[in-house]
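# Inside the fold
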Amino acid sequence: MSLFLKNCWYAAAFSDEVTREPMSRTLLETPIVFYRREDGTPVALVDRCPHRFAPLSTGTLIGDAIQCGYHGLVFDCSGACVSNPHNGGKPLRAADIRSFHLFERYGFVWIWPGDPALADPALLPHYPYLEDDSRWKVQRGHLHVKGNYQLVTDNLLDLTHAPYLHPGFKMPNVTPEQQLAATTTRLDRFDDRLLAYRLRTGLPPNQATIDLFDFPAEPCETRTHMTWYPPALIDFDNGTKFPGQDDMEGFCFPQAHCMTPETETTCHYFFAAARNLKLDDPAIDAALLGVLNTAFRTQDEPMIEAVQARMGPTGDLDSLNPVLLKTDGPPVTARRMLKELIAAEQAAEAAATAIAAE
């Protein structure tokens, strides 16, 4: 069974990555060329000319169309071959290629790889902290991970790895066992999402929060709630507050994590992290970006890639019969839910194909 759900939104790029210069990116094992029309609208086409399979991303934009750099065929934004210079510039409908439905929100270009008739922007989760510059400062990043996209989801949905893999998030004079014991967890499953609830009380903030925001090393409440939207979007409600404070009086550090498969064993990992304190402090910008890069690029990413290397050529962790721990509830439930959705989608496609054949 395919590991990819198709009728859904994936992050394809940050908005500022897509320009009038064609850009190639492989998503769901499909090479895609991205560019902008003259009015700024983003375009996505299969990045392969059907003549000799040259990448269109090496070609040239002619107005809103793209010309193959090998033999000059020209394709419009819908993927139609509108000009064959070897036949007087006439269209060549046999050379038409696929286009993809896109839209922009939250500083991302989103792609719908399935049936374009089902592409509804309302299906994208709401990330309010990515659209209010007056209350939030947002920092973004992208990683190309040599690991299956669900391994990144697993890593996020089970934060019990943090005391062991991320020493920068340690708390003063607190052992990993004490940290785990002070954390209350709950898993809520809904039709369209999972909520992995994690609340830690009675312990001080982590050292990074103390250092960056001059917080006291006193007992506080720390939330690290993860809401997962299939197939691979996470809204991370991360924050610290002291007794008597509401959430916004404390430190809020919400994050959008968007994992998009490249192949079965590689993926694109986009993240956008917001904060509500010291919005105009460049030193905090640099420090927080350093914290994120250290955690994601030098700790999470190498571990996920090492896991994938030990898994071999498959992206399906379940096929290798992993031992499960008590803390595996959220990632295991997400994997099972995703497999159900993929199976249902494929069954619907098969039924539609059978009806069309009749």
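Residues numbered from 1 in each chain as written. Predicted model: local features only at pLDDT ≥ 70, side-chain atom pairs only at ≥ 80, totals over all residues. Heavy atoms only, no water.

### Points about the overall build of the protein chain
Threshold: A run of H or I in DSSP becomes a helix once it reaches four residues, and a run of E becomes a strand once it reaches two; helices and strands are each numbered from the N terminus. Within these notes, the globule rule equals 2.2 Å times the number of residues to the 0.38 power, and the radius of gyration is based on C-alpha atoms. Should any heavy atoms of two residues lie within 4.5 Å, those residues are considered in contact. Accessibility throughout is a Shrake-Rupley quantity obtained with a 1.4 Å probe, and a residue counts as covered only by protein chains that appear here. Under the convention used here, Asp and Glu are negative, Lys and Arg are positive, and both His and the chain ends fall outside the count. Charge placement uses NZ in Lys and CZ in Arg. For Asp and Glu, CG and CD serve respectively.
In terms of regular secondary structure, the protein chain is built from six helices and 18 strands. Over its C-alpha atoms the protein chain spans a radius of gyration of 23 Å, differing by no more than 12% from the 21 Å that the globule rule assigns to 358 residues. Overall, the protein chain is about 75 × 45 × 35 Å in size when its C-alpha atoms are taken along their principal axes. Of the contacts formed within the protein chain by residues at least 6 apart in sequence, a portion of 59% connects residues at least 24 apart. Entry remark: accessible area of the protein chain is about 16700 Å², with carbon and sulfur atoms responsible for 54%. Across the protein chain, 31 positive and 46 negative side-chain charges occur, with their mean positions spaced 3 Å apart.

### Quick word on the packing of aromatic side chains
Given two aromatic rings, their pairing is described by the distance between the two centres and the angle made by the two planes. Quick reminder of the rule: Two rings from Phe, Tyr or Trp (for Trp, the six-membered ring) form a pair when their centres are within 6.5 Å of each other. A pair whose planes differ by under 30 degrees is stacked, one over 60 is edge-to-face, and the rest are tilted. Buried means the residue's accessible area, taken with a 1.4 Å probe over protein chains only, is under 20% of the maximum for its type, while exposed means over 50%, and partly exposed covers the values in between.
Tallied over the entire structure, the rule returns 17 aromatic pairs. Aromatic pair Tyr129 and Trp136: ring centres 6.3 Å apart, planes at 65°, arrangement edge-to-face. Judged by its relative accessible area of 7%, Tyr129 is buried. Residue class for Trp136 comes out buried when judged on its relative accessible area of 12%. Arranged with centres 4.8 Å apart and planes meeting at 70°, the rings of Phe271 and Phe296 form a pair that is edge-to-face. Of the two residues, Phe271 is situated in strand E18 (residues 266–275) and Phe296 in helix H5 (residues 282–311); the sequence distance between them amounts to 25 residues.

### Remarks on the packing of helix H1 (residues 149–157) against H5
How we decide: All axes are obtained by fitting lines to C-alpha atoms, using only the stretch in contact for helices, and the reported angles, taken between N-to-C directions, cover 0 to 180 degrees. Working rule for angles: under 35 degrees goes down as roughly parallel, over 145 as roughly antiparallel, 65 to 115 as roughly perpendicular, anything else as oblique. Working rule for handedness: look at the near helix, and if it is turned counterclockwise from the far one by less than a right angle, call the crossing left-handed; if clockwise, right-handed.
One way to put it is that H1 packs onto H5 with a least axis distance of 10 Å and a crossing angle of 130°. Here H1 is positioned oblique relative to H5, judged by the angle of their axes. The handedness of the crossing between H1 and H5 comes out as right-handed. Every residue of H5 that contacts H1 at Leu151, Val152 and Asn155 is listed here: Asp300, Ile304, Val307, Gln308 and Met311.

### Notes on the sheet that holds strand E3 (residues 30–36)
Note the threshold: Each pair of strands is called paired provided DSSP finds at least two bridges between the two strands.
On the basis of which strands lie adjacent, the open sheet formed by three strands has the order E2-E3-E4 and antiparallel pairing. Of all the strands in the sheet, the pair left with one neighbour each is strand E2 (23–27) and strand E4 (42–46). Adjacent strand axes in the sheet meet at a mean angle of 30°, parallel and antiparallel pairs treated alike. Taken together, the five bridges between E2 and E3 define a ladder with antiparallel strand orientation. By the bridge assignment for E3, Met23 is matched with Phe34.

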